[in-house]
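# Architecture at a glance
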Amino acid sequence: MKIIIVDDEKHVRDAIKLLIDWGALGINTILEAADGATAVRLIEAERPQIVYTDMMMPNMDGLSLLRWIKENAPACKTIVISGHDDFQFVRGTVQYGGMDYLLKPIDADQLLDVTQKALRSWSEEERERMESHLRSIRINSLRPVYCDKLLSNVLGDPGTYYAEKESFAQEFPQLTEGVPCRISLLTTDTLRGKLRDKFAAHNDLLLFSLTNICGELLNAPKDGFAFRFWGSSQQIALLHLGRPERARETLEAINEGLYRTFGTRAEFGMGGVHPFPHGAKQSYAEAEAALRQRNLRKRAGWICEFDPHKPPHPAELHFSDYEDRVRLAIRSASKDKIAEAVDDWIAEVRKKDVVTIDHLDLWRHEFGVLKSRWVKEFFPVNEADVFLPPESQAESLPLNEQGELSLEKLRDEMTGSLLQLAELLSKVTQQESHLIYEIARYLQSRLEQDISVQEVAAHFYLSREYVSRRFKQQFGETISDFLLRHRMERAKTLLLNPALKIVQIAHMTGYEDEKYFSKVFKKALGDSPAEYRKKQTGDA
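This write-up is about the structure you can find in this document. (Residues numbered from 1 in each chain as written. Predicted model: local features only at pLDDT ≥ 70, side-chain atom pairs only at ≥ 80, totals over all residues. Heavy atoms only, no water.)

Glancing now at the packing of aromatic side chains. Overall, the coordinates contain 21 aromatic pairs when judged by the stated rule. When the ring of Trp-22 is compared with that of Tyr-52, the centres are 5.8 Å apart and the planes differ by 75°; the resulting orientation is edge-to-face. Placement of Trp-22 in the loop between helix H1 (10-19) and strand S2 (29-33) and of Tyr-52 in strand S3 (residues 50-53) is noted, with a sequence separation of 30 residues between them. When sorted by exposure, Trp-22 lands in the same class as Tyr-52, which is buried. Between Arg-299 and the ring centre of Trp-302, over which it is positioned, the NZ or CZ distance is 3.8 Å. Above the face of the Tyr-511 ring, Arg-487 is positioned so that its terminal group lies 5.6 Å from the ring centre. (Phe/Tyr/Trp six-rings, centres within 6.5 Å; stacked < 30°, edge-to-face > 60°. Helix = DSSP H or I, 4+ residues; strand = E, 2+ residues; numbered from the N terminus. Buried < 20%, exposed > 50% of the residue type's maximum accessible area, 1.4 Å probe, protein only. Lys NZ or Arg CZ within 6 Å of the ring centre and 35° of its normal.)

The structure is reproduced here in structure tokens:
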């Protein structure tokens, strides 16, 4: 910590330095000035915690120095040490925030006492300043998220504007009721090239970067705001204000900026001009419709403006019409047959002059439904989860560098998924005949019986050790754990039937003793059977 002693008499400065053990107070730097003007320069450069000053000095007197400190370095604590017992000096000291007014000759105890008070006061205020600074940092870091939330809520429910009117007045003073506005949308699933590659595994960072770029080029807040729309994990919304008819010009400028930086452009959907706040929701729906209804077969431009007179394109082609052909190809486990079936489908898509995002979503949905149906048909009910990995959604649309539908990418996406299913089916078909899977099915069919590993081994004419070892190798769990897991799953299902007593459920899952069943159930699931039933059914 630092202090500065300001007095035109050197022997006074030396005396003050000798009266206190400064190191014991944590003060390691003592500065000196012979007048107020020199003190000002030192205070600006060194930022001391305490200033001791005389009143009568050349160039700048003590009162002038106190006044300057209060205005320019208010964190400093000031202590006056003067040879003049003058009421005006004392009054000025109080007026400009001085800690105390000490008279010469200086009393060491008084000086120590007021110095300790000054240090405590500075430390407390410094802590408050730090806490306030940290609060500001937290508030500033959360502010963009809060603003995104306010604007997103209006797009979902315009009525929230009236509930949050004070917040809107503070954060978005331009957004008053009735002001003309329009919404434009950018979706990250349509991005391509270096921009998509750069942020391939960081969608949040991509959205953050694009929101900042759009906000800067939108000239926020004068001409509007760019924000992440909470209703979608891939959408950035631009709310245009002031002169909404300039929205197209703004979007073109954003695209030029993206092209200069990343060598690619983005596609925007643009709604119509409507009064805020209720019109914002309508404009958003129009912008989204403009994007979803644009023709992916032939891009007409980077900005898709909503046309209320343009009817939507109905889906005349359905993937479900090809169910039997694709199903047989999967059953054959032939890569050629699967590729041929998908190519037939792609040939039909190629005949369509117009393909929209709505069409793609419909086909992907139909594909997913059929695939789920085939999984249930092809795989043993209790083994499907053993073989099949979890489904994952496509991260982006199958577009080429020109922003048009790539039938090759769509074909590869579907072929790869069907080949994976065919390979897994082939694997399961081979393993169904495997003896260990026969044992697993044998166990599952006898969950209501108190069956032992020895009985299982005897049934299959194998040794107990061999059955235990191979079963653990194949399934990663012991026979006992396998039985327990499936018995608990059966018990959970049976507990949903209020007509069944717990003792009945115990017998149906291989436990003759109801208390032992309850003990095992609670150890496995954390709740007793009765508690589990109550939570699931809501019965008292």
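This next bit is on empty space enclosed by the protein. By rolling a water-sized probe across the atoms, one finds the places where empty space is left. For the structure on display, the rule yields two cavities of 30 Å³ or more. In this structure, the largest cavity is lined by Trp-345, Leu-360, Trp-363, Arg-364, Phe-367, Leu-410, Glu-413 and Met-414. If you list the elements that add at least two residues to the lining of the largest cavity, you get helix H14 (357-378) and helix H16 (407-432). Element by element, the count of residues in the lining of the largest cavity is highest for H14, at four residues. (1 Å grid on protein atoms, 1.4 Å probe; cavity = no way out; pocket = protein on both sides within 12 Å on 5 of 7 lines; lining within 4 Å. Points joined across faces, edges and corners; volume = space filled by probe spheres on them.)

In this structure, the second largest pocket spans a volume of roughly 620 Å³. Forming the walls of the second largest pocket are 26 residues, and the residues nearest its centre are Pro-144, Asp-148, Thr-211, Asn-212 and Ala-226. Those elements that place two or more of their residues in the lining of the second largest pocket are helix H5 (108-156), helix H9 (203-217) and strand S7 (224-228). Take the lining of the second largest pocket: its biggest share by element is seven residues, from H5.

The subject of this paragraph is helix H11 (residues 278-292). The terminal C-alpha atoms of H11 lie 22 Å apart, and with 15 residues this matches the ideal 21 Å at 1.5 Å per residue to within 8%. When we look at burial in H11, the residues that qualify are Gly-279, Ala-280, Ser-283, Tyr-284, Glu-286, Ala-287, Ala-290 and Leu-291. Looking down the long axis of H11, one finds its buried residues gathered within 165° of arc, a one-sided arrangement. (Expected span 1.5 Å × (residues − 1). Arc of directions from axis to C-beta.)

Moving on: unusual backbone geometry. In this model, Lys-104 is joined to Pro-105 through a cis peptide bond whose omega is -5°. Looking at the secondary structure, you find Pro-105 in the loop between strand S5 (98-103) and H5. Following Phe-276, the chain continues to Pro-277 via a peptide bond in cis, the omega torsion being 5°. Positionally, Pro-277 belongs in the loop between strand S10 (274-275) and H11. The phi dihedral of Arg-47 falls on the positive side, at around 50°, and the residue is not glycine. If you check the backbone angles, Asn-59 has positive phi at about 70° while not being a glycine. Among the residues examined, Asn-59 registers a relative accessible area of 68% and is labelled exposed.

What follows concerns the environment of Asp-21. Residue placement: Asp-21 occurs in the loop between H1 and S2. Look at Asp-21 and you get exposed, because its relative accessible area is 55%. Residues Asp-21 and Ile-439, 418 residues apart in the sequence, show an inter-C-alpha distance of 86 Å.

Tallied over the full model, the rule gives 29 salt bridges. Across the pair Arg-246 and Glu-249 runs a salt bridge whose closest N-O atoms are separated by 3.5 Å. Residue classification places Glu-249 among the partly exposed positions, given a relative accessible area of 47%. Ionic pairing is found between Arg-490 and Glu-448, a salt bridge with its closest N-O pair at 3.5 Å. With Arg-490 in helix H20 (residues 479-495) and Glu-448 in the loop between helix H17 (435-444) and helix H18 (453-459), this pair connects stretches of sequence that are 42 residues apart. A relative accessible area of 29% places Arg-490 in the partly exposed class. (Salt bridge = Lys/Arg side-chain N within 4 Å of Asp/Glu carboxyl O.)

Another aspect to go through is the packing of helix H3 (residues 62-72) against helix H4 (residues 87-95). Between H3 and H4, whose axes approach to 9 Å, the crossing angle comes to 10°. Considering their axes alone, H3 and H4 lie roughly parallel with respect to each other. In this structure, H3 contributes Leu-63, Leu-66 and Lys-70 to the contact, and H4 contributes Phe-89, Gly-92, Thr-93 and Gln-95. (Axes fitted to C-alpha atoms, helices over the stretch in contact; angles between N-to-C directions. Parallel < 35°, antiparallel > 145°, perpendicular 65-115°, else oblique. Contact = heavy atoms within 4.5 Å.)

Counting residues in each nonpolar core, the largest one holds 32 residues, and the members touching the most others are Val-326, Ile-330, Trp-345, Leu-360, Trp-374 and Leu-418. Of all elements in the fold, only helix H12 (323-332), helix H13 (335-350), H14 and H16 reach the threshold of two or more residues within this core. If one sorts the elements of this core by residue count, H14 sits on top with eight residues. Leaving out residues up to four positions away in the same chain, Val-326 has contacts with Phe-319, Ala-341, Trp-374 and Leu-418. Leu-150, Phe-172, Leu-239 and Tyr-284 belong to the second-largest nonpolar core, a separate cluster that totals 24 residues. (Core = buried A, V, L, I, M, F, W, Y, C linked by side-chain atoms within 4.5 Å.)

Most of strand S6 (residues 180-187) is tucked away: seven of the eight residues are buried. The sheet contact formed by S6 and S10 spans two bridges and is antiparallel. In the sheet register, Cys-181 faces S10, and the bridge partner there is His-274. Alignment of S6 against strand S8 (residues 235-240), held across six bridges, turns out to be antiparallel. Within the sheet, the bridge partner assigned to Leu-185 lies in S8 and is Ala-237. (Pairing = 2+ DSSP bridges.)

The next point concerns the sheet that holds strand S4 (residues 77-82). As summarised here, the arrangement of the five strands in space is S2-S1-S3-S4-S5, forming an open sheet in which the pairing is parallel. Each edge of the open sheet carries a strand with a single partner, namely S2 and S5. Ignoring strand direction, the axes of neighbouring strands in this sheet form an average angle of 15°. As judged from the four bridges shared by S3 and S4, these two strands associate in the parallel manner. By the bridge assignment, Val-51 is partnered in S4 with Thr-78. Strands strand S1 (2-6), S3 and S4 of the sheet are contacted by H3, whose axis makes an angle of about 165° with S3.

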